[in-house]
Amino acid sequence: MLLVCSSGSLNAQSLHHLNKDLPCIDKTFQVYVHVMWNEERMTNITADIIKEEIEGASMYFDPICVRFEVCKIDTFPDWNYDDYRTHPEYMSEIVSMIHEKNRINIYYISEFDDPNICGLARLKGIAMENSGVVYIKKACGSGTVAHELGHLFGLKHTFEGSGKELVDGSNCLTEGDGICDTPADPYVPFEPMTLYLEECEFISLKTDDNGDFYQPDVGNVMSYYPCACGFTRGQYLKMAQNYLNSNFKMW
């Protein structure tokens, strides 16, 4: 299993050399950031924090030679678009108004309709024209950015199905996230994290249909556990293939 949590000091070329069997996309994606004002006409997040979060997310993608660079940060003055709890249709409206075509666009907002949600992105949007759209809750941080970019590159949650994937991996291609080097994960979205973790150690005694105890990768970026460490080799392969095999290539 390949994780990059100890490799932050290495550059992309060094990381790819260490993992030279992985495809190298060799691309820096330009990111346009749109920050919504709130009712008090404040953004509640600084440009420095935004840049730090996106640069931090880049680290996780180094083994496939992918970087993300902020090329523009703008603000949008209509506070209605900062809160999607009562107006979820605004998500598509704001894209139609200020989206920069063929770039990754990240929209920073204060609230989603579900308070448990920290971000949203279109699955495999990186391989579809004008679908490079990511929404981030301002209060959530860089782990959310990396997670949502994982979705954009085609990765599902490690806990898809919340226990349908078997611990022995015998149905790993059809259940869970469909990637066999991410262990089965029984997490049920938004259940109390204390049922699963104690200081990033998995403590749940849940078992699968065979009676086997789960031991998920709590450091996987695509889990909901707050212990983000990196992606697996299988996840890197899937992300690279989704982009390289696409007929559309984002600028």
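In this text the structure is predicted, and so the values were computed from the model without any measurement.

Could you clarify how one ought to interpret the side chain of Asn-105 in this entry?
Its location among the elements puts Asn-105 in strand S3 (residues 104–109). What makes Asn-105 buried here is its relative accessible area of 0%. Here His-34 takes part through its side chain, which lies 2.8 Å from a polar atom of the side chain of Asn-105. Not counting chain neighbours up to four residues away, the residues in contact with Asn-105 comprise Tyr-32, His-34, Ile-98, His-99, Glu-100, Gly-132, Val-133 and Val-134.

Would you take a moment to explain the pattern of salt bridges for this structure?
Once the charged atoms of two side chains with opposite charge are near each other, the side chains can pair. Tallying each qualifying case throughout the model produces five salt bridges. The salt bridge partner of Arg-233 is Asp-21, with a shortest N-O separation of 2.6 Å. One end of the pair, Arg-233, is in helix H5 (residues 233–244); the other, Asp-21, is in the loop between helix H1 (12–18) and strand S1 (27–36), with 212 residues separating them in the sequence. Owing to a relative accessible area of 37%, Arg-233 belongs among the partly exposed residues under this scheme. A salt bridge links Asp-62 to Arg-67; the shortest N-O distance between them is 2.8 Å.

When you look at the nonpolar core in this model, what are you seeing that I'm missing?
Burial of nonpolar side chains together is a common tendency in soluble globular proteins. Within the largest apolar cluster, 39 residues are counted, with the highest numbers of intra-cluster contacts made by Phe-61, Phe-68, Ile-104, Tyr-108 and Phe-153. Elements that contribute at least two residues to this core include exactly S1, helix H2 (47–61), strand S2 (66–76), S3, strand S5 (133–137), helix H4 (142–152) and H5. Discounting residues that sit within four places of it in the chain, Phe-61 has contacts with Val-66, Phe-68, Ala-146, Leu-149, Gly-150, Phe-153, Phe-231, Tyr-236 and Met-239.

What am I meant to see in the sheet that holds S3 here?
Sheets are built from strands that pair by backbone hydrogen bonding, the pairs being arranged parallel or antiparallel. Ordered by their spatial adjacency, five strands build an open sheet running S2-S1-S3-S5-S4, and the pairing between neighbours is mixed. Bordering the open sheet on either side are S2 and strand S4 (119–121), each of which pairs with just one other strand. Strand-to-strand twist in this sheet, taken as the mean axis angle between neighbours without regard to direction, amounts to 20°. Two strands pair when backbone bridges link them, and S3 and S5 are joined in this way by five bridges, in the parallel orientation. By the bridge assignment for S5, Ile-109 is matched with Lys-137. Running at roughly 155° to S2, H2 makes contact with S1, S2 and S3 of the sheet.

Calculation notes
Residues numbered from 1 in each chain as written. Predicted model: local features only at pLDDT ≥ 70, side-chain atom pairs only at ≥ 80, totals over all residues. Heavy atoms only, no water. Helix = DSSP H or I, 4+ residues; strand = E, 2+ residues; numbered from the N terminus. Buried < 20%, exposed > 50% of the residue type's maximum accessible area, 1.4 Å probe, protein only. Polar contact = N/O pair within 3.5 Å; in protein donor to acceptor, adjacent residues only side chain to side chain. Contact = heavy atoms within 4.5 Å. Salt bridge = Lys/Arg side-chain N within 4 Å of Asp/Glu carboxyl O. Core = buried A, V, L, I, M, F, W, Y, C linked by side-chain atoms within 4.5 Å. Pairing = 2+ DSSP bridges. Axes fitted to C-alpha atoms, helices over the stretch in contact; angles between N-to-C directions.

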